[in-house]
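Below, each chain spelled out in residue letters.
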Amino acid sequence: MPRHPHTEVLHQGEGACDSAMPLNRPIYATTTFVFDSAADVEAFGRGDSDRYLYSRYANPTVESAEVKLAVLEAAEAAIVTASGMAATTTALFGLLSPGDELVCSSSVYGGTLKLITRWLDRFGVRVRFATLEELGDPGPLLNAKTKVLWFESPANPTLRCADIRQVASACRAHGVISVLDNTFATPFNQQPLALGVDLVMHSATKFLNGHSDVTAGALAGSHAVIDRLRDARTLFGGVLDPAAAYALARGMKTLAVRMLLHNSNALRIAEWLSGERRVARVFYPGLPSHPDYAIARGQMTAFGGMICFEMAGGYDAACRLFDRLALVQRATSLGGVESLCSLPVLTSHYGFTDEQLQEAGVTRGMVRLSVGLEQADDLIADLDQAMA
Ligand code: PLP
């Protein structure tokens, strides 16, 4: 019996096209997947099928981004999430139980600090913060209750570095899961798993995607850890939309070429800033003047696109520079093709007390620069005129 066109429009032209072999994994814009029979669904339930059930569990486009991240981080497995913070909550709430202790570097992204201080203790997890100096000798920080150690290197926004091998091996010796936020370095410049870390976290919003048009997060590590966190992500619900996963996968294909220019531009600008009398200090791990230069050289192949510097005139001078920028955009976030400038005390560390700022190594005159892919001479000219 012929069916009504408004019935047919729902069913015609859908599903896979078996004769097409696309070069790129398409966007599987579907929340659910079709089965042929009850036996098919049964096989899926037994784990005896390569079918898909529901996009919150798994989606082929999302998996494409996960495969690429696992390759880049030389990990057994990876998952992507709806934001960097979703990756962080998935990892922390997926790995910790009431009564456990978390050791966290005090030099981490402000959002991570806020999540830990405002939410984790409500679930009976004890948190201890450690300075970078304390992380230099991690053994005494860990005890039988410590389950996870969370750190960043280079850290946001100071670009201070921790000795990743040392932290990771102390964690292994104490049965503690080490987690490194590798957002600033990217897997192009730093391979934390090869240095002994158990789990790598990313705000994929940044360099991994690279075009300031996707909010995403990621975790990479062993099958055992990622399988557990995949379950946590599925049940917490912080999954990445397939369209965003497509854009992220595309971004990761050009990570290497983008990072080459981010790295070289940032090094040139950091060197220029170092010779500037209007600048009190420059924090870039690729400069011999950086306090952690030796550590950075021992674990990074290049030093990334992030620079932090402190204006000699303090907060007022930082604001003046910020207001006068003409090419560099006044915006938070980082890792995109266009250069961005932010003042940490107004963004990632907004509302922090003087003591908290001091612990994080942040000052009121600090300027953070995410160096993009413009020509370095144009960026230097913009900074020069903005400081005039
Ligand atoms: N980690 C670092 C180092 C970050 O800079 C950010 C965001 O700025 C995050 C984590 C959180 O990521 P998202 O904003 O994608 O949730």
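Residues numbered from 1 in each chain as written. Predicted model: local features only at pLDDT ≥ 70, side-chain atom pairs only at ≥ 80, totals over all residues. Heavy atoms only, no water.

### Here we look at the site of the ligand
Defined as follows: Near is defined per residue: the residue qualifies when any heavy atom it owns lies within 4 Å of the molecule or strand. Two N or O atoms count as a polar contact when they lie within 3.5 Å, although within protein this holds only if one can serve as hydrogen donor and the other as acceptor, and sequence-adjacent residues are included solely when both atoms are side-chain atoms. Surface accessibility follows the Shrake-Rupley procedure with a 1.4 Å probe radius. Residue values consider only the protein chains on display as shielding. Every helix listed is a DSSP run of H or I at least four residues long, and every strand listed is a run of E at least two residues long, numbered separately from the N terminus. When residues are grouped by polarity, Ala, Val, Leu, Ile, Met, Phe, Trp, Tyr, Cys and Pro land in nonpolar, Asp, Glu, Lys and Arg in charged, and all others, Gly among them, in polar.
Within the structure, the ligand sits among 15 residues, and Met 85, Asp 181, Ser 203, Thr 205 and Lys 206 are positioned closest to it. Note that an oxygen atom of the ligand is positioned 2.8 Å from one of the backbone N or O atoms of Met 85. In isolation the ligand offers 390 Å² of accessible surface; the protein chains occlude 90% of this area. Secondary structure elements with two or more residues in the shell around the ligand: α4 (84-95) and β6 (199-203). Partitioned by chemical class, the residues of the shell around the ligand number six nonpolar, six polar and three charged.

### Regarding the nonpolar core
Here is the rule we go by: For our purposes a nonpolar core is just a set of buried Ala, Val, Leu, Ile, Met, Phe, Trp, Tyr and Cys residues, chained together by side-chain atoms within 4.5 Å. In this scheme, a residue with accessible area under 20% of its type's maximum is buried, one over 50% is exposed, and one in between is partly exposed, where area comes from a 1.4 Å probe on protein chains only. Contact between two residues is taken to exist if any of their heavy atoms lie within 4.5 Å; hydrogens are not considered.
Counting residues in hydrophobic clusters, the biggest one holds 61 residues, and the most contacted among them are Leu 92, Leu 102, Trp 150, Leu 199, Leu 219, Leu 229 and Leu 248. The element contributing the most residues to this core is helix α10 (residues 242-253), with six residues. Discounting residues that sit within four places of it in the chain, Trp 150 has contacts with Thr 88, Ala 91, Leu 92, Leu 102, Val 103, Cys 104, Ser 105, Val 108, Thr 112, Val 179, Asp 181 and Met 201. By size, the runner-up hydrophobic cluster in this structure holds 33 residues, among which are Ala 296, Phe 303, Ala 318 and Met 387.

### Overview of the sheet that holds strand β2 (residues 101-105)
So the rule is basically this: What makes two strands pair is DSSP finding at least two bridges between them. Inter-axis angles, ranging from 0 to 180 degrees, are taken between N-to-C directions of lines fitted to C-alpha atoms, where helices are fitted over the stretch in contact.
Read from one edge to the other, the open sheet built from seven strands follows the order β1-β7-β6-β5-β4-β2-β3, with strand pairing classed as mixed. This sheet does not close on itself; its edge strands, each paired only once, are β1 (77-81) and β3 (126-130). Each neighbouring strand pair of the sheet contributes to a mean axis angle of 20 degrees, computed without reference to strand direction. As defined by bridge partners, strand β4 (residues 146-152) adjoins strand β5 (residues 177-181) across five bridges and the pair is classed as parallel.

### Topic: helix α7 (residues 164-173)
The test is simple: Starting at the helix axis, one direction is taken to each C-beta atom, and the arc is that of these directions.
Residues of α7 that are buried include every one of Ile 164, Val 167, Ala 168, Ala 170 and Cys 171, and no others. Taken down its axis, α7 places every buried residue within 165 degrees of arc, on the same side. Opposite the buried face of α7, by more than 90 degrees, sit the exposed residues Arg 172 and Ala 173. Looking at the buried side of α7, the elements it contacts are α6 (132-135), β4, β5 and α12 (293-299). Between a side-chain oxygen at the N-terminus of α7 and the backbone nitrogen of Arg 165 the separation is 3.3 Å; the capping residue is Asp 163. Immediately beyond the C-terminal end of α7, within one or two residues, lies Gly 175, with a positive phi of roughly 65 degrees.

### Considering the packing of helix α11 (residues 255-274) against helix α15 (residues 376-387)
What counts, and what does not: By convention the crossing between two helices is left-handed if the near helix lies anticlockwise of the far one by an angle smaller than a right angle, and right-handed if it lies clockwise.
Contact geometry of α11 with α15 gives a least axis separation of 10 Å together with a crossing angle of 30 degrees. In this structure, α11 meets α15 at a crossing whose hand is right-handed. Residues Asn 265, Arg 268, Ile 269, Trp 272 and Leu 273 of α11 pack against Ala 376, Asp 377, Leu 379, Ile 380, Leu 383, Asp 384 and Met 387 of α15. In terms of residue class, the contact of α11 with α15 is made up of eight nonpolar, one polar and three charged.

### Some remarks on the side chain of Asp 100
Along the chain, the position of Asp 100 falls in the loop between α4 and β2. There is a polar contact of 3.4 Å between the side chain of Asp 100 and the side chain of Lys 147.

### As for the pairing of strand β12 (residues 366-370)
Side-chain positions along a regular strand alternate between the two faces of the sheet. With respect to burial, β12 is a largely interior element, five of its five residues being buried. Judged by which residues are buried, β12 turns out to be covered on both faces: Met 366, Arg 368 and Ser 370 on one side and Val 367 and Leu 369 on the other are all buried. As paired strands, strand β9 (residues 306-311) and β12 are joined by five bridges and run antiparallel to one another. Each bridged residue has a counterpart across the sheet, and for Cys 308 the counterpart in β12 is Arg 368.

### Side note on the pairing of β5
Going by this rule: A crossover counts as right-handed when, viewed with the strands pointing away from the observer, the path leading from the first strand over the helix to the second turns clockwise.
Taken across its five residues, β5 has four buried, putting it largely inside the fold. Handedness of the β4-α7-β5 crossover: right-handed. With three bridges joining them, β5 and β6 adopt parallel strand pairing. Paired with Asp 181 across the bridge in β6 is Met 201.

That's the geometry; what it means functionally is another story.
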